[in-house]
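# Geometric and topological summary
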Amino acid sequence: SPKLAAAKHQDEAALKKNLCVKAAKEHSIPQDLNKVLENKVMETVLGLSHVKLSVVERTCSGDADSEGIVSKSVSSHSDLIPGVYEGGLKIWECTFDLMDYLSEAEIEFTNKTVLDLGCGAGLLGIVALQGEAARVHFQDYNSTVIDEITLPNVVANCISEGRSGKDRKASRPPSKKPRKAEGSPDVLSRCRFFSGEWSQVSQFLSNSNKSCLKYDIILTSETIYNPDYYSAFHDTLAQLLDRNGHVYLASKVHYFGVGGGVYLFEKFIEDKNVFKTSLVKTIDQGLQRCIMEIAFKNSC
C-alpha cells in the first residue's frame, strides 16, 4: 500500500542517515614521532610549517587512507563531498583571516583550554599552543585528515627544530626536506586529537573518563558553509564552551552553491536564544569575509 511504501522509504532514509553518522574517535600520538613525519614534505605559511598536500595526494593510499577521501577528492575534483569529506585537507583562506585577527586583537591563550573545531591543518590550534595554552584539542570530521595532516603539522611545529611564536618571524623558513623529530616535546602532552561528527565528538568528550571538558576558547574557520549542519554545530558549542568562554569563528559572508554564511548563521543563533554574537572584523578583499565572536548570553 502507499502508506507501507512511504513508511519503508522513511525507514530506509533514517537507516541511511544513521549509517552516515561518523563516530567519534581519539587519535593517539605515536611514541616514535619520526613515523608521524615519515614521507611528509613541509612547506611554510605565516611562519608555520604544514604538510604539502600534493605529496599527501601521491603517497596517501590504501591503508593510509581507510576513508578513501584523498582519492575521492582528487577524482571528483572537489574540496567537499558532504557526509564523506568535509574539506579538511585544504587550508581555507578564512583560517588566515582568523590568525591575523588573533594577533591583532592580542587574544590571550596563556593557561587556557582551547579547541580547534573543524581543525583541518590545525594552524589555529598551533597558534594557541605557541601562545602557551594549557591544553589544545584538535577535531576534524575525517580521521585521515587528523592522521595525515593535523598531527604531522602539530609535531612539525613543536619538535626541537620548531620555533616559538615569539621568534618564528625572525628565523629561517623550515626546510622542505622531511625533518626528524628529536624526542617527544612536552608541548605534545598538552594536545589531544579527535575525529568524527560534531555531535558524536561532543558526546564522546562529555562521557570521557577524563574530566568533563569545557573550553575557554573555541577556534573555528569555514565551518558554517552548510545550513544542514547548524543544529549540530550550535549544540556542540553549547555543550563544550565554558560558561564564560568565547568562540572565534571565521567565515565567508555567503557560500555560493551550499547556501550557508554569516548572516544566516547569525539568524539561526538569534532564534536559538542561547548565544550572543558580534562581528568583530570584516574583510572586503575578494569574497567578503567576517570574524564573529560568540559567547553565552548570560556570560560575564
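Every chain is numbered independently, its residues counted from 1 as its sequence is written. Per-residue local features of the predicted model are confined to residues with pLDDT of at least 70, and side-chain atom pairs are confined, for both listing and counting, to 80 or more; whole-chain, interface and lining totals are unaffected and use all residues. The basis for the side-chain values is all heavy atoms of the structure; hydrogens and waters are excluded.

A word on the sheet that holds strand β7 (residues 215–221). Two strands pair if DSSP finds at least two bridges between them. The numbering of helices and of strands both runs from the N terminus, where a helix is a DSSP run of H or I of at least 4 residues and a strand a run of E of at least 2. With mixed pairing, 8 strands are arranged side by side in an open sheet as β1-β6-β5-β4-β7-β8-β10-β9. Looking at the sheet topology across the chains shown, the edges are occupied by β1 (25–27) and β9 (275–283). Going across the sheet, the axis of each strand differs from the next one's by a mean of 20°, ignoring polarity. Lying on the sheet, helix α7 (residues 143–158) is in contact with β1, β5 (135–140) and β6 (191–195); it crosses β6 at an angle near 160°. Fitted lines through C-alpha atoms give the axes, limited to the stretch in contact for helices. The angle between two N-to-C directions lies from 0 to 180 degrees. Should any heavy atoms of two residues lie within 4.5 Å, those residues are counted as being in contact.

To continue, consider the pattern of salt bridges. Where side chains of opposite charge bring their charged atoms close, a pairing between them can arise. Basic side-chain nitrogens of Lys or Arg form a salt bridge, by our definition, when they fall within 4 Å of a carboxyl oxygen of Asp or Glu. Across all of its chains, the model carries 9 salt bridges by this definition. With its nearest N and O atoms 2.4 Å apart, the salt bridge here joins Arg289 to Asp97. Taken as a pair, Arg289 in strand β10 (residues 289–296) and Asp97 in helix α5 (residues 93–104) lie far apart in primary sequence, 192 residues in all. Of the two residues, Arg289 and Asp97, neither departs from the other in class, the shared state being buried. Across the salt bridge formed by Asp271 and Lys267, the nearest N and O atoms sit 3.0 Å from each other. Of the two residues, Asp271 and Lys267 both sit in helix α10 (residues 262–272), 4 residues apart, roughly one turn of that helix. The classification of residues rests on relative accessible area computed with a 1.4 Å probe and restricted to protein chains. Under 20% of the type maximum is buried, over 50% is exposed, and intermediate values are partly exposed.

This brings us to the layout of surface pockets. Computed from the structure, the largest pocket encloses a volume of approximately 1,000 Å³. Using only the protein atoms, space was sampled on a 1 Å grid; points where a 1.4 Å probe fits but cannot get out form cavities, open sets with protein on both sides within 12 Å along at least five of seven lines form pockets, and lining residues are those with an atom within 4 Å of a point. Lining the largest pocket are 46 residues, with Leu80, Glu86, Trp198, Tyr225 and Tyr229 sitting closest to its centre. Residue contributions to the lining of the largest pocket peak at 3 residues, all from helix α1 (residues 2–19). Residue classes in the lining of the largest pocket are distributed as 20 nonpolar, 15 polar and 11 charged. Grid points are joined across faces, edges and corners, and a volume is the space filled by probe spheres set on the points. For this scheme, ten residues count as nonpolar: Ala, Val, Leu, Ile, Met, Phe, Trp, Tyr, Cys and Pro. Four count as charged, namely Asp, Glu, Lys and Arg, and the remainder, Gly too, count as polar.

Working definition of a nonpolar core: buried Ala, Val, Leu, Ile, Met, Phe, Trp, Tyr and Cys residues. They are joined through side-chain atoms within 4.5 Å. Within the largest apolar cluster, 51 residues are counted, with the highest numbers of intra-cluster contacts made by Phe109 and Val154. Among the elements that make up this core, the one with the highest residue count is α7 (8 residues). Other than its neighbours up to four places away in sequence, Val154 contacts Ile126, Leu129, Phe138, Leu188, Cys191 and Phe193. Tyr215, Ile224, Ile269 and Cys290 belong to the second-largest nonpolar core, a separate cluster that totals 26 residues.

Attention shifts here to the packing of helix α9 (residues 230–240) against α10. Orientation of α9 relative to α10, taken along the N-to-C sense of each, is 60°, at an axis distance of 11 Å. Comparing their axes, α10 and α9 come out oblique. You can see that α9 and α10 cross each other, and the crossing is right-handed. Contacts between α9 and α10 pair Tyr230, Ser231, Phe233 and His234 from the former with Leu264, Phe265, Phe268, Ile269 and Lys272 from the latter. Taken together, the residues that form the contact of α9 with α10 break down as 6 nonpolar, 2 polar and 1 charged. Oblique is the label for any angle not covered by the other classes, which are roughly parallel (under 35 degrees), roughly antiparallel (over 145) and roughly perpendicular (65 to 115). The sense of a crossing depends on the near helix, which, turned anticlockwise from the far helix by less than a right angle, makes the crossing left-handed and, turned clockwise, makes it right-handed.

Looking now at the packing of helix α8 (residues 198–206) against α9. With their axes 9 Å apart at the nearest point, α8 and α9 run at an angle of 20° to one another. In terms of their interaxial angle, α8 and α9 are classed as roughly parallel. Relative to α9, α8 is oriented so that their crossing is left-handed. On α9, the residues that touch Trp198, Ser199, Ser202, Gln203, Leu205 and Ser206 of α8 are Ala232, Phe233, Thr236, Gln239 and Leu240. Looking at side-chain class alone, the contact of α8 with α9 contains 5 nonpolar, 6 polar and no charged residues.

In this section: unusual backbone geometry. Phi is positive for Asn111, which is not a glycine, with a value near 65°. Inspection of the secondary structure puts Asn111 in the loop between α5 and β4 (113–117). Residue Asn111 is classed as exposed on the basis of its relative accessible area of 62%. Positive phi, close to 55°, is recorded for Glu222, a residue that is not glycine. With respect to the helices, strands and loops of the structure, Glu222 is situated in the loop between β7 and α9.

On to the packing of aromatic side chains. We describe a pair of aromatic rings using the distance from one ring centre to the other and the angle between the two ring planes. Pairing of aromatic rings covers Phe, Tyr and Trp, the last counted by its six-membered ring, and requires centre-to-centre distances within 6.5 Å; plane angles under 30 degrees mean stacked, over 60 mean edge-to-face, and any other angle means tilted. This structure, assessed with the given rule, holds 12 aromatic pairs. Centroid distance Tyr225 to Tyr255: 6.2 Å. Interplanar angle 65°. Geometry classified as edge-to-face. On the criterion of sequence distance, the pair formed by Tyr225 in the loop between β7 and α9 and Tyr255 in the loop between β8 (241–252) and α10 is long-range, its members being 30 residues apart. With respect to class, Tyr225 is no different from Tyr255; both count as buried. Ring geometry for Phe233 and Phe265: centres 5.6 Å apart, planes at 55°, overall tilted. In this pair, Phe233 sits in helix α9 while Phe265 sits in helix α10, placing the two residues 32 residues apart along the sequence.

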